[in-house]
Amino acid sequence: MGKYAISRRRFLLGAAVFAAASATIRNKTMAGTHTTTRTVHANGVEIATEAFGHPSAPPVLLIMGAMASMLWWPDEFCRKLVAQGHYVIRYDNRDTGLSTKYVPGNPPYRLDDMARDAAAVLDAHGIASAHVVAMSLGGMIAQILALTEPRRVTSLTLISTTPIGLDLDLPPPDKAYMEHAAAGESIDWSDRTQAIDFVAGDVRMIAGTAHPHDAPAMRAFISRDYDRSSGYLSATNHFMLRGGDAIKGRLPTLEAPLLVIHGTADPIFPVEHGRALAKAVPGSTYHELAGGGHELHEAEWDRIIGLVAEQTR
């Protein structure tokens, strides 16, 4: 199964196209916060979504990174955003969670298509424009969406990601992390124990230095996410994605107000990536998390949500 290993390779990026959507809907209540789940049918795929709060509030769309289902935006994080007066939507990218999955090894879609999926999620919820908050690979998808469909993005918050479409000399991932990632070549991603062990180790490797890493809690979460997703095998497709030629060089023309949040101890996208991203867009706002890694650590939630609240206000 070595061909299905994680490989932290650099991504080529692409443009997105608007698409209409239909949805099946189910309502529930979670810890006092009303939530609505929808399966969005668009672009030839099904996208699982969940919305928190009241639809009349200003909408926030959350886009997560590679191999990560929407559960990596924790429930309580979403509820805290709702408490700031927002209608919060998270969703499973293709090849994660409950969304459409493909045979691993040669994904028949591009980052362009994933940006189209984000627009389709907004359509399914009747939203013309939203504040978009995105992390890692999700941040690349969000940049594509904001550059190709600027009227869909009211503001943009990018966490632990890298600028797209620019010819910049930025540092590669941390050497120790790359050595860890290379070990993924020997993982059988169809084996539950091996997959969970590797992802648990991955999460430990990308953690920052400012706060303790709760390994047992993370392993329990990863196990739950693995089972909900019916495995991580198809999610390895995310590391083979390409796209984005149409937006090359366009990042400085970004219209949406931009907030960049980046940890100084991020081993995947070293902090220079966040600084370069903010520098590339005139008028952007930049905040560093001292000792922060490539993660949404609970100890930083209030600060991150406070920054997002200020941005969306």
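Quantities reported herein were computed from a predicted structural model and do not represent experimental measurements.

Each value, and the rule that gives it
- Residues numbered from 1 in each chain as written.
- Predicted model: local features only at pLDDT ≥ 70, side-chain atom pairs only at ≥ 80, totals over all residues.
- Heavy atoms only, no water.
- Helix = DSSP H or I, 4+ residues; strand = E, 2+ residues; numbered from the N terminus.
- Contact = heavy atoms within 4.5 Å.
- Salt bridge = Lys/Arg side-chain N within 4 Å of Asp/Glu carboxyl O.
- Phe/Tyr/Trp six-rings, centres within 6.5 Å; stacked < 30°, edge-to-face > 60°.
- Buried < 20%, exposed > 50% of the residue type's maximum accessible area, 1.4 Å probe, protein only.
- Core = buried A, V, L, I, M, F, W, Y, C linked by side-chain atoms within 4.5 Å.
- Pairing = 2+ DSSP bridges.

Asks: Explain the environment of Val60 to me, please; I cannot follow it from the model alone.
Replies: Locating Val60 in the fold gives a position in strand β4 (residues 59-63). Taking the C-alpha atoms as reference, Val60 lies 6.2 Å from Ile89; in sequence the two are 29 residues apart. With sequence-adjacent residues up to four places away left out, Val60 is seen in contact with Leu81, His86, Tyr87, Val88, Ile89, His131 and Val133.

Asks: Sorry, what's going on with the pattern of salt bridges here?
Replies: Where side chains of opposite charge bring their charged atoms close, a pairing between them can arise. Applying the stated rule across the entire model yields 12 salt bridges. A salt bridge links Arg90 to Glu50; the shortest N-O distance between them is 2.7 Å. Remark: Glu50 occurs in strand β3 (residues 45-52) and Arg90 occurs in strand β5 (residues 87-91); sequence separation between them is 40 residues. Here Lys80 and Asp302 are joined by a salt bridge, their closest N and O atoms 3.2 Å apart. Pair noted here: Lys80 is in helix α1 (residues 75-83) and Asp302 is in helix α8 (residues 301-312), with a separation of 222 residues, a long-range link. What you see here is one network of salt bridges that share partners, running through Glu50, Asp75 and Arg90.

Asks: Is there a simple way to think about the packing of aromatic side chains in this case?
Replies: A full pass over the atoms with the stated rule returns six aromatic pairs. Between the aromatic rings of Phe77 and Trp301, the centroid separation amounts to 6.0 Å while the plane-to-plane angle is 80°, which identifies the pairing as edge-to-face. Taken as a pair, Phe77 in helix α1 and Trp301 in helix α8 lie far apart in primary sequence, 224 residues in all. On the accessibility criterion, Phe77 (1% relative accessible area) is buried. We classify Trp301 as buried; its relative accessible area is 8%. With a centroid separation of 5.5 Å and an interplanar angle of 75°, the aromatic rings of Trp189 and Phe198 are classed as edge-to-face. Members of the aromatic cluster, each reached through a chain of ring pairs, are Trp73, Phe77 and Trp301.

Asks: Sorry if this is basic, but what is going on with the nonpolar core here?
Replies: Soluble, globular proteins show a tendency: their nonpolar side chains are buried together. Leu61, Ile63, Trp73, Leu156, Ile222 and Leu296 are the most contacted members of the largest nonpolar core, which has 94 residues in total. Examining the composition of this core, we find that nine residues originate from one element, helix α2 (residues 111-124), more than from any other. In this structure, Leu296 is in contact with Met64, Trp72, Trp73, Phe77, Met135, Ile159, Trp301 and Ile304, ignoring residues within four places of it in sequence.

Asks: Would you take a moment to explain the side chain of Ser223 for this structure?
Replies: Mapping Ser223 onto the fold places it in helix α6 (residues 215-229). Among all residues touching Ser223, those that are not within four sequence positions of it are Arg192 and Ile196.

Asks: What exactly am I supposed to notice about the pairing of β3 here?
Replies: Taken residue by residue, a regular strand's side chains alternate between the two faces of the sheet. Of all eight residues that make up β3, seven are buried, and the element is covered over most of its length. Relative to β5, β3 runs antiparallel, the two being bridged by four bridges. Residue pairing across strands places Glu50 opposite Arg90, the latter belonging to β5.

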